[in-house]
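Given next are the chains, with one letter for each unit.
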Amino acid sequence: MANETVLMKGNEVIGEAAVRAGCRYFFGYPITPQNELPAYMAKRLPEVQGVFVQAESETAAINMVYGASGAGARVMTSSSSPGISLKQEGISYLAGAELPAVIVNMMRGGPGLGTIQPSQSDYFQATKGGGHGDYNMVVLAPASVQELADLTMDAFDIADKYRNPVMVLGDGVLGQMMEPVAFKERQSAEFVKDWATTGKQGRSKPNLINSLYLDPEKSAEHNEELHAKYMTMAKNEVRYEVKNLEDAEVVLVAYGMMARITSSVMNKAREKGMKVGLIRPISVWPFPDEAFEMALPQAKAFLTVEMSKGQMVEDVRLAVNGRAPVYFYGRTGGVIPSPQEVMEQLEAVYAKVQGGEA
Amino acid sequence: MDKRVVFDENRCKGCELCVPVCPVDIIFIADRINKLGYHPATVTEQDKCISCMMCAKICPDLVIEVFKPEKKVAG
Amino acid sequence: MKQIFAKPQSMTDKVSHYCPGCTHGIAHRLVGETIDELGIADRTIGVASVGCSVLAYEYFDVDFQQASHGRAPAVATGIKRVHPESIVFTYQGDGDLASIGTAEAIHAAMRGENITIIFINNAIYGMTGGQMAPTTLLGQQTTTTPEGRRFEEMGAPIRMAEMLATLDGAAYVARFSLHDIPNITKAKRAIKKSFQYQLEGKGFTIVELLSTCPTNWGMSPNESLEWVQTDMMKVYPLGEFKTPEEGEKK
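Rules used throughout
- Residues numbered from 1 in each chain as written.
- Chains lettered and ligands numbered in written order.
- Predicted model: local features only at pLDDT ≥ 70, side-chain atom pairs only at ≥ 80, totals over all residues.
- Heavy atoms only, no water.
- Domains from an automatic or database assignment.
- Contact = heavy atoms within 4.5 Å.
- Buried area = accessible area lost by both parts, 1.4 Å probe.
- Salt bridge = Lys/Arg side-chain N within 4 Å of Asp/Glu carboxyl O.
- Polar contact = N/O pair within 3.5 Å; in protein donor to acceptor, adjacent residues only side chain to side chain.
- Helix = DSSP H or I, 4+ residues; strand = E, 2+ residues; numbered from the N terminus.
- Nonpolar A, V, L, I, M, F, W, Y, C, P; charged D, E, K, R; others polar.
- Patch = residues over 30% accessible without salt bridge, like charges linked within 9 Å, V, L, I, M, F, W, Y side chains within 5 Å.
- Areas by Shrake-Rupley, 256 points an atom, 1.4 Å probe, with all protein chains shown as cover.
- Lys, Arg positive; Asp, Glu negative; His and termini not counted.
- Charge placed at Lys NZ, Arg CZ, Asp CG, Glu CD.
- Core = buried A, V, L, I, M, F, W, Y, C linked by side-chain atoms within 4.5 Å.
- Buried < 20%, exposed > 50% of the residue type's maximum accessible area, 1.4 Å probe, protein only.

Concerning the domain arrangement of chain A
A common measure of how large an interface is: the accessible area buried when the components associate. Residues and elements named next belong to chain A. Once the domains are mapped, chain A shows domain 1 (5-236) and domain 2 (241-354). Distance from the C-alpha centre of domain 1 to the C-alpha centre of domain 2: 29 Å. Taken together, the contact pairs 32 residues of domain 1 with 24 residues of domain 2. Buried surface at the junction of domain 1 and domain 2, summed over both partners, amounts to about 2300 Å²; 57% is from carbon and sulfur atoms. When the buried area of domain 1 at its contact with domain 2 is split by residue, Q120, Y123 and F124 rank highest and sum to 31% of it. On inspection of domain 1 and its partner domain 2, the count reaches three salt bridges. Along the contact surface separating domain 1 from domain 2 lie 13 residue pairs in polar contact (both at pLDDT 80 or more). Those elements that provide at least two residues to the side of domain 1 that touches domain 2 are α5 (123-127), β6 (138-140), α6 (145-162), β7 (165-171), α7 (172-176) and α8 (216-236). Looking at side-chain class alone, the side of domain 1 that touches domain 2 contains 19 nonpolar, eight polar and five charged residues.

Description of the interface of chain C and chain A
Chain C puts 30 residues into the contact, and the matching count from chain A is 33 residues. Along the contact surface separating chain C from chain A lie four salt bridges. With its nearest N and O atoms 3.4 Å apart, the salt bridge here joins R71 of chain C to E89 of chain A. Broken down by class, the residue content of the side of chain C that touches chain A amounts to 13 nonpolar, nine polar and eight charged.

A word on a negative patch on the surface
A surface patch of like charges, here negative, comprises D215, E217, E221, E224 and E225 of chain A. The residue E225 of chain A is located in helix α8 in this model.

Re the nonpolar core
M41, M76, F292, F302 and L346 of chain A are the most contacted members of the largest nonpolar core, which has 149 residues in total. Summarising the domain contributions, this core has at least three residues from each of domain 1 (5-236) and domain 2 (241-354) of chain A. Other than its neighbours up to four places away in sequence, M41 of chain A contacts G15, A18, V19, C23, F26, P46, F52 and M76 of chain A. If you look at the next biggest cluster of nonpolar residues, it comprises 59 residues, including F7 and I64 of chain B together with I35 and F176 of chain C.

Examining the interface of chain C and chain B
Taken together, the contact between chain C and chain B spans 29 residues of the former and 29 residues of the latter. Looking at the side of chain C facing chain B, the largest losses of area belong to M1, F5 and I181 of chain C, adding up to 31% of the total buried there. Across the contact surface, chain C and chain B share zero salt bridges. Secondary structure elements with two or more residues in the side of chain C that touches chain B: β1 (2-5), α1 (24-38), α7 (181-199) and α9 (221-235) of chain C. If one sorts the elements of the side of chain C that touches chain B by residue count, β1 of chain C sits on top with four residues.

Right, dumping it as structure tokens:
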């Protein structure tokens, strides 16, 4: 099905995209709402001489990912919020040992067991380092099934390029919905993994995958090197979409599923003659600060909409840095803000702007 | 005379595990202190060593190498 | 003179960080000898765990991965699935394998992962300063059982070998001891067998080794060897609990 458009479910699209990106190893553990992805991999990977293992826990799964990645493979795991919490230890170790891997989080509502309904309440965990230690990873937030395919494939290249874990941050809706998708033929760069543990095979020195540095100076040096890498990632991997910023007085900010709803609200507002724009971060780490610079000369206020009690809005405030008021609207618990609700919020903010309040 | 048992004294931690296993009782702990700060195990009576390897097998620190005389070919 | 005993080729020259008289060093050497004798150094990948053996990778001249606490069998699973032709072993203590990593050990065995685990049972947490391990004997004093381990509060020692032997995926399960030369010889034979079974693709293999911790037991190294025989072996019987040829031995 090269380049032809097919109708597929989001979670399965991630699996197919991963296989086409050269991923041959998947380690997972059942949790709703991402179960279609491991099921797809269990069926698909053996067709390409790959391996699917259902682990005993998310903790074990991420550590299998660690082992396979350290052995030189393109490898992936997926889960949903409570399971991603369990994977945080392993993600920290992947970052510390500089191992590439792709981790998918199809977010559901929390805290605790929460709900199986969609949510965006793992933004902090994903972007601010959910595990221990100073580390960052690129976090990509698709907003359509097509983007699930494209960004999953990108994620593998980004992971290998920087030897760092990459997260695909979706939500329950995105994983469950069906949309047309075309898997684009692509040329991945060749990544030489001469650091991988393969058995020495004639090498004079053994390879070691490790995150332990007992000497404080060496540990500090390791952290500096990691930080320099993260700064390069922050510079190179910024992705976003903007709409109507040229004349926008109020700019909506949303990512993932929420950006689709917000975008349609923006269109309706425009029909009413309101000067409204949209910033959609695609990489939520690194956060697209530059999009706000594009908006700021005109923008009089920002309205961030999330399926959380306000997490990304903190990054919006940092990007805006006091130059305009930043408003927030969010719903939780698996409740998706409706276009009507968002429109009401937008109109309220817009009225303040017009009235010179904002 | 060539040595039958060689102690790499600077690896030794003076744990004494080798002392009681020696069937000919020639291993002792030296008064001197090695690079690691321990009193190392040592042997002086090489002629009494029977190359049994007991000391090497119980040593946790790869201190000991053992040798055996080559069989003399007649003629 | 002909050399009849030397440091294994597959081990580095580094002096270990282990305390004087700790039998970790003996276990390391037996693994090194096994790798040498089977000629597998070029295709062996070790997995170090967390605990006293955290730096195991410094002492073996083979590829290594350092795993997080308890997860070595999961890491080994990932490696082995990518390189099925390689020889993968983990080296874990009792806190790592029998406490925090119990699930990983049991499930690697359940899946019949074709890996080998070298399991050091010294009845205590060494690296963190002598706390109670799941393998700590009843009555044994540790920093967290100052009055001795009591069954009513802390349960009784866990026998991992016996437990793992019940699983169909486990091919070879044995427990031996490092407290004297005859037992060290038996331990070596078991370690070599376990690697050989892995080479033959028989499935999951584990060798539990009764080991000493003179520092945290508060005994001299030689007294510690004695204690293994007088106290530990009563709780942890030695032998093979399962072999590919005979199955589980009851």
